[in-house]
Amino acid sequence: MAQTISGLHHVTAISGPPQANVDFYVGTLLQRLVKKTVNFDDPGTYHLYYGNQNAEPGSILTFFPFADAGPGRAGPGMSSAVAYAVPKGGLNAWMEALAEVAVDFDGPFERFGEQLIALSDPDGLRIELIETDRAVAQGTSADGTPVDDGFHSVTLWLDTPDRTARLLMDIFGYASAGEASQDGETRYRFIANGRGRGSAIDLITSDAASIGRQGAGSIHHVAFRAQNDDVQMGWQETLRSHGFDVTPQIDRQYFNAIYFREPGGVLFEIATDPPGFATDEPMETLGQELKLPAQHERLRDQLERILPPITIPKGPSR
């Protein structure tokens, strides 16, 4: 196999009003706001990026916060959950910290030999914290809660997982890592070559009756890593040769992107690592100022009037 996917680059979701979103991901989950920009296709709406302290691929969760968004709902053909990796021995501290600020969670329970808890963000997006020996703490908060190193996995809810599994294994180079069934749900795990940050993908089928709907609290797309443009173009050629309808390369300012629908209906992206998030502001001050792509810079005065102000809570101490 000429190339394999090493793991996730980012996950993009939809939220309601931005302040509650920032308060939760920075103030509660101790993520860093690494970029405050706008939706390139709808510049009157923010595009907020959260990640680890070094803003590394595999840690980036982004949101389009639409103030008037209706509620979304996970269902077949959608990604239904995103999971952060917690360093071994750190889950108890997270449970204590969440209880202290009255954030409800389910668990702990075990999945594929790992302990985890599950909670919801302010719009109902399912977030999991999974304790794993593959995670490395980047520091601790003031109360001693370990700050994670990025993603553990995402979950894709599918009617039938077979063709998606074949894409992951035969094209992306993932390996099957287990199957488990409980309470009407069957889960299949796949691990990327290298087992690094964001290397796991779970596919689930469920007896629960649900029709998915994009809206606040739903995941819009899942992005995988490509080390550079040449690797990304290789993936574009490979996917097209297997019959997938892949977009041309699109400049997203901080990475280049190609998109396609996987067989189960989830929107997949392959995004380049470069140029990264420090291309238009220093790493030390990421996320503090509104950054606009060149095509929207002429709208700055107008956008700064209509975009709601955001207060960034204090992140984890170092």
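None of the values given here were measured: they were computed from a predicted structure. (Residues numbered from 1 in each chain as written. Predicted model: local features only at pLDDT ≥ 70, side-chain atom pairs only at ≥ 80, totals over all residues. Heavy atoms only, no water.)

A.B. asks: Explanation requested: the overall build of the protein in the structure shown.
C.D. replies: A tally of regular secondary structure across the protein gives five helices and 16 strands. On C-alpha atoms alone, the protein measures out to a radius of gyration of 19 Å, which is about the 20 Å that the 2.2 N^0.38 rule sets for 318 residues. On the principal axes, the C-alpha backbone points of the protein span a range of 50 × 50 × 35 Å. Across the 318 residues that make up the protein, the buried fraction comes to 53%. Sequence separation of at least 24 residues holds for 66% of the intrachain contacts in the protein that already meet a minimum separation of 6. Per element, the accessible surface of the protein, about 13,400 Å² overall, is 47% carbon and sulfur. (Helix = DSSP H or I, 4+ residues; strand = E, 2+ residues; numbered from the N terminus. Rg over C-alpha atoms; globule rule 2.2 N^0.38 Å. Buried < 20%, exposed > 50% of the residue type's maximum accessible area, 1.4 Å probe, protein only. Contact = heavy atoms within 4.5 Å. Areas by Shrake-Rupley, 256 points an atom, 1.4 Å probe, with all protein chains shown as cover.)

A.B. asks: What is the right way to read the pairing of strand S9 (residues 151–157) from this model?
C.D. replies: Within a regular strand, side chains alternate between the sheet's two faces. Along S9, seven of the seven residues are buried, which leaves the element largely enclosed by surrounding structure. Both S9 and strand S12 (residues 200–206) contribute to a ladder of five bridges, which runs parallel. Residue pairing in the sheet places Leu156 in a bridge with Leu203 of S12. (Pairing = 2+ DSSP bridges.)

A.B. asks: For this particular structure, what's the right way to read the environment of Gln232?
C.D. replies: Relative to the assigned elements, Gln232 resides in helix H4 (residues 229–241). In this structure, the C-alpha to C-alpha distance between Gln232 and Ile117, residues 115 residues apart in sequence, is 35 Å. If we skip the residues at most four places from it in the chain, Gln232 touches Ala226, Gln249, Asn256, Ala257, Ile258, Ile270, Ala271 and Thr272. A polar contact of 2.8 Å, which involves the side chain of Gln232, links it to the backbone oxygen of Asn256. (Polar contact = N/O pair within 3.5 Å; in protein donor to acceptor, adjacent residues only side chain to side chain.)

A.B. asks: Can you help me understand unusual backbone geometry in this one?
C.D. replies: Excluding glycine, most residues fall at negative phi; most peptide bonds, likewise, are trans. Of note, the bond from Gly107 into Pro108 is cis; its omega dihedral lies within 30 degrees of zero at 10°. Residue position: Pro108 is located in strand S6 (residues 106–111). Of note in this structure, Phe112 is not a glycine but carries a positive phi near 50°. On the accessibility criterion, Phe112 (27% relative accessible area) is partly exposed.

A.B. asks: Hey, could you run me through the pairing of strand S16 (residues 267–275) in this one?
C.D. replies: Of all nine residues that make up S16, seven are buried, and the element is covered over most of its length. Pairing geometry for strand S13 (residues 219–226) and S16, over five bridges, is parallel. Bridged to Val222 within S16 is Phe268. Bridge analysis of strand S15 (residues 255–261) against S16 gives six bridges, and the strand direction is antiparallel. Residue pairing in the sheet places Phe260 in a bridge with Phe268 of S16. Linking two consecutive strands that pair antiparallel, namely S15 and S16, is a turn of five residues; a positive phi of about 110° is found at Gly265 within it.

A.B. asks: What should I look at first to understand the packing of aromatic side chains in this one?
C.D. replies: Where two aromatic rings form a pair, the distance of their centres and the angle of their planes describe that pair. With the rule as written, the count across this model stands at 16 aromatic pairs. Between Tyr50 and Phe63 the ring centres are 6.1 Å apart and the planes differ by 70°, which places this aromatic pair in the edge-to-face class. Of this pair, Tyr50 sits in strand S3 (residues 42–51) while Phe63 is found in strand S4 (residues 60–65), placing the two residues 13 residues apart along the sequence. Judged on exposure class, the residue Tyr50 and its partner Phe63 are both buried. Between Phe172 and Trp235, the ring centres sit 5.3 Å apart and the planes meet at 80°, which makes this aromatic pair edge-to-face. (Phe/Tyr/Trp six-rings, centres within 6.5 Å; stacked < 30°, edge-to-face > 60°.)

A.B. asks: Looking at this model, I keep getting lost on the sheet that holds strand S14 (residues 250–251). Mind explaining?
C.D. replies: What holds strands together in a sheet is hydrogen bonding between their backbones, with the strands either parallel or antiparallel. Spatially, the eight strands line up as an open sheet ordered S2-S3-S4-S1-S13-S16-S15-S14, and their pairing is mixed. If you trace the sheet from one side to the other, it starts and ends with strand S2 (32–39) and S14, each paired once. Here three bridges tie S3 to S4, and the two strands are oriented antiparallel to one another. Paired with Leu48 across the two strands is Phe63, which belongs to S4.

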